[in-house]
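A structural walkthrough
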Amino acid sequence: MALNKLRRLDQNSLGITLPKDDLRVEGLLDEHGNLEGEHHLHIRHIGDGEWTVELVEGIDA
């Protein structure tokens, strides 16, 4: 099981990193490993330290 560290992003938010290999499999990275386009994720707290992350399609930002 891979572990990802929770990091402070700014005064009001924290974040984690997502593995590039997994993002590549989802088709979110170009051939150089750079993020391709804009993507939105829905993060849901399930409870007792459990969260889900879901890619949301069709949002025009």
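Computed from a prediction, not measured in an experiment: that's the story for all the values here. (Residues numbered from 1 in each chain as written. Predicted model: local features only at pLDDT ≥ 70, side-chain atom pairs only at ≥ 80, totals over all residues. Heavy atoms only, no water.)

1. A word on the layout of surface pockets
Rules: For cavity detection a 1 Å grid was placed over the protein atoms alone, and a set of points counts as a cavity when a 1.4 Å probe fits there but cannot get out; an open set counts as a pocket when protein lies on both sides within 12 Å along at least five of seven lines, with lining residues being those that have an atom within 4 Å of a point. Grid points are joined across faces, edges and corners, and a volume is the space filled by probe spheres set on the points. Counting from the N terminus, the helices are DSSP H or I runs at least four residues long and the strands are E runs at least two residues long. Gly counts as polar in this scheme, as do all residues outside two lists: the nonpolar Ala, Val, Leu, Ile, Met, Phe, Trp, Tyr, Cys and Pro, and the charged Asp, Glu, Lys and Arg.
In this structure, the largest pocket occupies an estimated 550 Å³ of space. Forming the boundary of the largest pocket are 16 residues, of which Ile 16, Leu 18, Leu 41, Ile 43 and Val 53 lie nearest the centre. Broken down by secondary-structure element, the contributors of at least two residues to the lining of the largest pocket are strand S2 (13-15), helix H1 (20-25), strand S3 (40-47) and strand S4 (50-56). Considering every element that reaches the lining of the largest pocket, the biggest residue donor is S4, with three residues. Here the lining of the largest pocket is composed, by residue class, of 13 nonpolar, one polar and two charged.

2. Some thoughts on the UniProt feature "domain: DUF8053" (unreviewed entry) in the protein
Rules: UniProt positions are given in the numbering used here, feature names are shortened, and annotations may be inferred rather than shown by experiment.
Sites flagged by UniProt as "domain: DUF8053" (unreviewed entry) map to residues 3-57. What you have in residues 3-57 is 11% helix and 40% strand, and the ends, taken at the C-alpha atoms, are 27 Å apart.

3. Topic: the pattern of salt bridges
Rules: Here a salt bridge means any side-chain nitrogen of Lys or Arg lying within 4 Å of a carboxyl oxygen belonging to Asp or Glu.
A complete count under the given rule lists one salt bridge for this structure. Note that Arg 24 is salt-bridged to Asp 21, the shortest N-O span being 3.1 Å. With Arg 24 and Asp 21 both in helix H1 and three residues apart, the pair spans about one turn of that helix.

4. Topic: unusual backbone geometry
What counts is decided by this rule: The classification of residues rests on relative accessible area computed with a 1.4 Å probe and restricted to protein chains. Under 20% of the type maximum is buried, over 50% is exposed, and intermediate values are partly exposed.
At Asp 48, a position not held by glycine, the phi torsion is positive, near 45 degrees. Here Asp 48 is to be found in the loop between S3 and S4. The class of Asp 48 is exposed, set by a relative accessible area of 85%.

5. Remarks on the environment of Arg 7
Going by this rule: Any two residues whose heavy atoms approach within 4.5 Å at even a single point are treated as in contact.
Among the structural elements, Arg 7 can be located in strand S1 (residues 7-10). On the basis of relative accessibility, which here comes to 46%, the residue Arg 7 falls in the partly exposed class. Between the C-alpha atom of Arg 7 and that of Thr 17, which follows or precedes it by 10 residues, the distance is 8.7 Å. Ignoring anything within four residues of it in the chain, the contact list for Arg 7 reads Leu 14, Gly 15 and Thr 17.

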